[in-house]
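So you can see what is in the structure, the chains are spelled out below.
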Amino acid sequence: MPSDAASAGGPAPPTTSRPTGRPLLATAIVLGVVVLDQLSKLWAVRELVDAPVTVIGDDIGFALTRNTGSAFSLFQAFTPLLAVVAIGVAVLLVRAVRRTRDTLMVIGLSLVLGGALGNLADRLFRSPGFLKGAVVDFVHVSSFPTFNVADSAITVGAVVIVIWAVRTDLLEQRAARG
């Protein structure tokens, strides 16, 4: 049975409710992280090859390292497996970003996805070769492991997701009480 708007010659009502602006927001965040990550790594490979640069004493600076493992240089011998896992995680993150409507969650997932893609690009295209590439790390802060822009985006994205989860839980508790 046609709707009143359709029978009156007006436009048909929308059949799907797509969130507006979120796909653009997600794309901008992911591309921004990947571009910033790759440009900063190009800078690090070019400028830090001879010696590290100190910013504040010996505690904060830039020092070029290459990581064939995962976070904290774990699993060094499993670079191809880590690359394949990263591809799978990226696919899952893309699906999650496309399905979520909450802006805070879109931001968190997009930061994690951008970081994952930035490091995945290293594993795919840097030496020693496809699926075996070492991730370029260069940010040195005291005794903390050296990291990069992609790692920072993943960490910030994870914090945003935790904030979203806590906020959602608090809102649900408040709704249940009221």
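Provided above is the structure to which this section pertains.
Residues numbered from 1 in each chain as written. Predicted model: local features only at pLDDT ≥ 70, side-chain atom pairs only at ≥ 80, totals over all residues. Heavy atoms only, no water.

Counted under the stated rule, the structure contains 5 salt bridges. One salt bridge connects Asp122 with Arg126, and the closest N-O pair in it is separated by 2.9 Å. Across the pair, exposure class does not vary: Asp122 and Arg126 are buried alike. Linked through salt bridges whose partners overlap, the residues forming this network are Asp37, Lys41, Asp122 and Arg126. (Salt bridge = Lys/Arg side-chain N within 4 Å of Asp/Glu carboxyl O. Buried < 20%, exposed > 50% of the residue type's maximum accessible area, 1.4 Å probe, protein only.)

On to the sheet that holds strand 2 (residues 60–67), then. Spatial strand order, 1-2-3: 3 strands in an open sheet with antiparallel pairing. Whereas interior strands pair on both sides, the edge strands pair on one side only; in this sheet they are strand 1 (53–56) and strand 3 (135–141). Averaged over all neighbouring strand pairs, the angle between strand axes comes to 35°, with direction disregarded. The pairing of strand 2 with strand 3 spans 6 bridges and is antiparallel. Paired with Phe62 across the two strands is Val139, which belongs to strand 3. Across the sheet, helix 2 (residues 22–47) lies against strand 2 and strand 3, angled at about 80° from strand 3, the strand it touches most. (Pairing = 2+ DSSP bridges. Helix = DSSP H or I, 4+ residues; strand = E, 2+ residues; numbered from the N terminus. Axes fitted to C-alpha atoms, helices over the stretch in contact; angles between N-to-C directions. Contact = heavy atoms within 4.5 Å.)

So far we have only geometry, and geometry alone does not tell us how the molecule works.
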